[in-house]
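Each chain, letter by letter, is given below.
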Amino acid sequence: MSKFAIRHDGRTPEQLREVRITTGSQQAAEGSALIEMGNTSVLCAASVEEEVPRWMRGRGSGWVTAEYDMLPRATSSRRRRDRDSGGTASRSQEIQRLIGRSLRAATDLPGMGERAIYLDCDVLQADGGTRTAAITGAYVALREALQGLVDGGALERVPLRCAVAAISVGLHDGELLLDLNYAEDSSADADFNIVMTDAGDLVEIQATAEGDPFPRQRVGDALALAARGMETLFAAQRRAVR
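Treat the numbers as computed from the prediction; the structure is a model and nothing was measured.

Undergrad: Would you explain the environment of alanine 134 in this entry?
TA: As for its placement among the helices and strands, alanine 134 is situated in helix 2 (residues 130-151). In this structure alanine 134 comes out as buried when scored by relative accessible area, which is 0%. Remark: the alpha-carbon pair of alanine 134 and leucine 34, spanning 100 residues in sequence, is separated by 9.3 Å.

Undergrad: Can you help me understand the sheet that holds strand 8 (residues 190-197) in this one?
TA: By way of backbone hydrogen bonds, the strands of a sheet pair with one another, either parallel or antiparallel. Taken together, the 4 strands give an open sheet; going across it, the order is 7-6-8-9, and neighbouring strands pair in antiparallel fashion. Only two strands of the sheet have a single partner each, and these edge strands are strand 7 (175-178) and strand 9 (202-209). Strand-to-strand, the axes of this sheet are offset by a mean angle of 20 degrees, without reference to chain direction. Note: strand 8 against strand 9, 7 bridges, orientation antiparallel.

Undergrad: Hey, could you run me through helix 1 (residues 90-106) in this one?
TA: It helps to recall that an α-helix has 3.6 residues per turn; residues three or four apart then point in one direction. Helix length check: helix 1 (17 residues) gives 25 Å between terminal C-alpha atoms against 24 Å at 1.5 Å per residue, within 8%. Where helix 1 is concerned, the buried positions are Ser92, Ile95, Gln96, Leu98, Ile99, Gly100, Ser102, Leu103 and Ala106. On the buried face of helix 1, the contacting elements are strand 4 (63-70), strand 5 (116-125), helix 2, strand 6 (164-172), strand 8 and strand 9.

Undergrad: Explanation requested: the nonpolar core in the structure shown.
TA: Soluble, globular proteins show a tendency: their nonpolar side chains are buried together. One finds Ile99, Leu103, Ile117, Leu119, Leu146 and Val169 to be the most contacted residues of the largest nonpolar core, which totals 63 residues. Examining the composition of this core, we find that 11 residues originate from one element, helix 2, more than from any other. Not counting residues up to four positions away in its chain, the partners in contact with isoleucine 117 are Ala46, Ser47, Val48, Trp63, Val64, Thr65, Met112, Leu142, Ala145 and Leu146.

Each value, and the rule that gives it
- Residues numbered from 1 in each chain as written.
- Predicted model: local features only at pLDDT ≥ 70, side-chain atom pairs only at ≥ 80, totals over all residues.
- Heavy atoms only, no water.
- Helix = DSSP H or I, 4+ residues; strand = E, 2+ residues; numbered from the N terminus.
- Buried < 20%, exposed > 50% of the residue type's maximum accessible area, 1.4 Å probe, protein only.
- Pairing = 2+ DSSP bridges.
- Axes fitted to C-alpha atoms, helices over the stretch in contact; angles between N-to-C directions.
- Expected span 1.5 Å × (residues − 1).
- Contact = heavy atoms within 4.5 Å.
- Core = buried A, V, L, I, M, F, W, Y, C linked by side-chain atoms within 4.5 Å.

In structure tokens, the structure reads:
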């Protein structure tokens, strides 16, 4: 029998944690979603501004970008806020750029007009997979904000080309596990963060060996496992935006 036939939290290797997405979590935001995946929870809020950054003005196109942060007690010990360190931490910068790229890949930017949407993703509780949860939840917040522009008459249609979501896969002792929690992520031999559209197209793959290199064919196996998990995430997104 596989060592990971049943994981320590009772899941099978191919099973996601329970996924919950709640819209309207911040009443003042044009769009918002609280995403919970197991013990990881991320609050995503979309803010609409009726102008684009200066470097984009006059191009007839919109802009979507993101910021990411983690509350001090989202983890088992207190984490200093980025501002206390004099600027955005490199990890936060990497993640917020990933979120922004992922959402822009799904958005018809010219269809937005010259306006910008900012997605603020704040981790309330971290138990692995915060960046992937942020992408999945931020898409819902973005869609809510764009739907509000349609309802208000500012746009004729929701300028989205597809849905986008993300999930992690880890390699443990030669076996792939879907949707890692913190304990699994911290002990993985290799880990993948995979961003896909609901059409099955890839937006981004982050893959890292934590020690020894891993066989190339495991990348294809990880993608296939992620694709199966994405079906659950896209279904959760659809339920949320209804």
